[in-house]
Every structure is written in C-alpha cells, then in structure tokens.
Amino acid sequence: MHFTSTHLLDDGLVERTFALGDVPGILWTPPTASPSAPVPLILLGQPGGIGMARMHPRLAARARSAAEQGFASATIELPGAGDRTPLPGAAEARAELGRAIAAGVPPTEDVVDRLILPLVDRAVPEWRAALDELLGLPELAEPVGFSGGVIAIGVRLAATEPRIRAAGLFAGSYVPRATLAEAREVTIPLHVLLQWDDEGNDRAAALELFDAFGSAEKTLQANLGGHTGVPAHAGEDAARFFARHLGPGAD
C-alpha cells in the first residue's frame, strides 16, 4: 500500500488517498490518532457500481461522524466501480434486475446471484488485504468495525474476519440465498438499518436475513421512507452502537 495524496481538512481530520495494487482507497484519521494513542478503525462500505468519486461527500460525512467518536475510517473502491475493470456479466445482470423492478416482479435468484456473488467473491479478499495494510499503520489499532453495504459483503466479512468486532449493515440491496447460510455464522454485535419503503430492496428478504443472523446481540432499525430517506437520527443511533463496541472499555 502506498499513499498518493494527503489533505488536512478544516476540522482537523486528515484524509489520505492510497493504492493497494490496482485498488484505490481513502483513509480518514482524527486529530487524536497517533502512534502513542492509536485509534480503532471503521471500514466504510458503499453501494456497488457507484464509485468513490460520486460517493465521496457521503463517505466523508460518515468519516467525520466516526472521528467525533475518536475513530478512523477507511474505504476502498469496489470491484467494477469507478475506473476499475467492469465485472464480467455485471451490466447484464444489473439491467435484468432493473427490468424486473420496473415491471413490479421479483427478480429471479439467478439474477441476484449473478449480480452479487462475483462482487462479494472479489471484494472480501480485497477488504481483508486492505485491513492487513491499514492495521500496520502505527496510528491505527483493533478493534475494527464495518459500516454500510453491500450487505452481502458485510455479512461475509462479519462471518470470516475475526478483527471485525461489530458491524452496522445497510439492508439496501438484494441478497443471494447463499448469504443467508453465511449469516448463521455471524456472531458479532449487529446494528441493521432497513428503509421500510425502499423501492430497490426486498423487505421480506431483509427480514429473513436479519432473522438468520447468529448474533446474540442484533438490532433492526426500520424507518419509513425510500432508499435515500434515511433519517438523521438513524446515523446517530449507529454512532452510539459503534461507541459501545469499539470505544474505550469495549470488550
């Protein structure tokens, strides 16, 4: 991993872009972070296919919120997003999904699998490699949290990456059936956000996924409204969740 730029923002937050091979990413560290006082890290997931450039304002806002709790944040460009090479078959599967939603019919399991599973298979090893490098920085330390989507990526990371101690997941994307089996292996604390009227999400599948999680502590926060109508207090609740599980005195 090598850093490609550094910016000191007006609130003292340091934003650094980096590259891990051909995978770009961004790291935000609060002014309190130092080798003598390393801070926990939250990995910021993002929607598939949009890219960090378009998502940057929202990602930076989430990083500022995490910094207020004393946490660093990082994200990486997902496979097929931004300037990365498109995943084979993803455009066709996304178009089929869009046609099903427009027609008001459930997409087939095959379409969901073809769109989501190759993304998860590529993204999770990249996240874990990025975590290896990030935790090698002296100003960062465990515990680690994961926040955001794609929810199938978050589920696999929560099930397989022991350094992740808590996850706040966004139930805003379709879920392959294989993800339900992986959810049963998840035991860390979870905070799951669901927009009840999300036009691009299968509410019943989201509820089934929540029920499948094996965690002894799991919270589902459902709010009225569509995909982009997340109320401000939902972010505040998520911040308190991470403060409990990643902050001083956390298990």
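Up top is the structure these notes are about.
Residues numbered from 1 in each chain as written. Predicted model: local features only at pLDDT ≥ 70, side-chain atom pairs only at ≥ 80, totals over all residues. Heavy atoms only, no water.

J.: I tried to follow unusual backbone geometry on my own but got confused; where do I start?
T.: For residues other than glycine, phi is negative in most cases, and the peptide bonds are mostly trans. The omega angle of the peptide bond from Glu 142 to Pro 143 is 5 degrees, so this bond is cis rather than trans. Structurally, Pro 143 is set in strand β6 (residues 140–148). With an omega dihedral of -5 degrees, the bond running from Gly 149 to Val 150 counts as a cis peptide bond. Positionally, Val 150 belongs in the loop between β6 and α4 (151–160). (Helix = DSSP H or I, 4+ residues; strand = E, 2+ residues; numbered from the N terminus.)

J.: I would appreciate a short explanation of the side chain of Ser 147 in the present structure.
T.: Along the chain, Ser 147 falls in strand β6. Judged by its relative accessible area of 11%, Ser 147 is buried. Contacts of Ser 147, omitting those with residues within four sequence positions, involve Ile 42, Leu 43, Leu 44, Gly 45, Arg 62, Gly 168, Phe 170 and Phe 242. (Buried < 20%, exposed > 50% of the residue type's maximum accessible area, 1.4 Å probe, protein only. Contact = heavy atoms within 4.5 Å.)

J.: Honestly, the side chain of Asp 198 in this entry has me stumped. Any pointers?
T.: Examined against the element boundaries, Asp 198 turns out to sit in the loop between β8 (190–195) and α6 (203–212). Within the buried set, Asp 198 has no salt-bridge partner at all; the shortest N-O distance to an opposite charge, 9.6 Å, is to Arg 203. Discounting chain neighbours no more than four positions away, the residues touching Asp 198 are Ala 171, Gly 172, Gly 225, Gly 226 and His 227. (Lys, Arg positive; Asp, Glu negative; His and termini not counted. Salt bridge = Lys/Arg side-chain N within 4 Å of Asp/Glu carboxyl O.)

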